[in-house]
Every structure is written in C-alpha cells, then in structure tokens.
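# Chain and residue survey
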Amino acid sequence: ACFIAQFEEEVHATIVSASLFAPGDRVAIGASGGKDSTVLAYVLGELNKRHNYGIELLLLSIDEGIAGYRDDSLMTVVQNETD
C-alpha cells in the first residue's frame, strides 16, 4: 500500500502544481483496455473523488470494426467504465 499511496500523492502533486484541471473540465482518457490506461483511469477517478477536482472523466476507445482484433480489450474498457 505504501507504493500506491506515494504514487497517488505524486500524481496529485503534479496535477495541482501544473494546474492541469479546472472544475467542470471534461477529461477524456484514451482507453485501450491495457494496464496503463486502466491504471490511469482508476487513479484519476480516485483522486478526483478524494481531492474534489470537479472534473468529469470519460473513457475514449476506438473500435476499429475488425472482428476478433480487440474484442477482449474493448470489453475491458466497458467493464472499467462501469467500475
């Protein structure tokens, strides 16, 4: 838990020091369904709740329409959106 807390605090410090967001901003997260975008979506969601940034987070993923190409990762994105 120590690493996670430190990581989240560093992300929060960066957000605040760089004034990345303003209340009411809509922030789209490019979501592939992989671990990087999943962690980003989770951490931003948690920090938004904890520190009341007042932003709306949206997951953005593109379905290329190729059957079987990214079905699993797209299902992960859908699941992450509901979590």
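Everything here concerns the structure above.
Residues numbered from 1 in each chain as written. Predicted model: local features only at pLDDT ≥ 70, side-chain atom pairs only at ≥ 80, totals over all residues. Heavy atoms only, no water.

### Focus on the environment of Leu60
Mapping Leu60 onto the fold places it in strand β2 (residues 56–60). Distance from Leu60 to Ala31, taken between C-alpha atoms, is 5.5 Å for residues 29 residues apart in sequence. (Helix = DSSP H or I, 4+ residues; strand = E, 2+ residues; numbered from the N terminus.)

### Thoughts on a nonpolar patch on the surface
A contiguous nonpolar surface patch, about 410 Å² in accessible area, is contributed by Phe3, Ile4, Phe7 and Val39. The element contributing the most residues to the nonpolar patch is helix α1 (residues 2–17), with 3 residues. Here Val39 shows up in helix α2 (residues 35–51). A relative accessible area of 43% places Val39 in the partly exposed class. (Patch = residues over 30% accessible without salt bridge, like charges linked within 9 Å, V, L, I, M, F, W, Y side chains within 5 Å. Areas by Shrake-Rupley, 256 points an atom, 1.4 Å probe, with all protein chains shown as cover. Salt bridge = Lys/Arg side-chain N within 4 Å of Asp/Glu carboxyl O. Buried < 20%, exposed > 50% of the residue type's maximum accessible area, 1.4 Å probe, protein only.)

### Some thoughts on the nonpolar core
Core analysis: the biggest nonpolar cluster contains 9 residues, these being Ile15, Val27, Ile29, Ala41, Val43, Leu44, Leu47, Tyr53 and Ile55. Taken together, the elements giving at least two residues each to this core come down to β1 (26–30) and α2. Setting aside residues no more than four positions away along its own chain, Ile29 makes contact with Ser37, Leu40, Ala41, Leu44, Leu57, Leu58, Leu59 and Leu60. (Core = buried A, V, L, I, M, F, W, Y, C linked by side-chain atoms within 4.5 Å. Contact = heavy atoms within 4.5 Å.)

### Let's talk about the side chain of Glu8
Mapped onto the elements of the fold, Glu8 is located in helix α1. Look at Glu8 and you get buried, because its relative accessible area is 8%.

### Notes on the pattern of salt bridges
Applying the stated criterion across every chain yields a total of 3 salt bridges. For the salt bridge of Arg26 with Glu56, the shortest nitrogen-to-oxygen distance reads 3.2 Å. On the criterion of sequence distance, the pair formed by Arg26 in strand β1 and Glu56 in strand β2 is long-range, its members being 30 residues apart.

### Things to note about the pairing of β2
Note: β1 against β2, 5 bridges, orientation parallel. Paired with Ala28 across the two strands is Leu58, which belongs to β2. The parallel pair β1 and β2, bridged by α2, forms a crossover whose chirality is right-handed. (Pairing = 2+ DSSP bridges. Right-handed = clockwise from strand over helix to strand, strands pointing away.)

### A few points about the environment of Phe7
With respect to the helices and strands, Phe7 occurs in helix α1. Phe7 sits in the partly exposed class, given a relative accessible area of 35%. Separated by 36 residues in sequence, Phe7 and Val43 place their C-alpha atoms 9.2 Å apart. Setting aside residues up to four positions removed in sequence, Phe7 forms contacts with Val39 and Val43.

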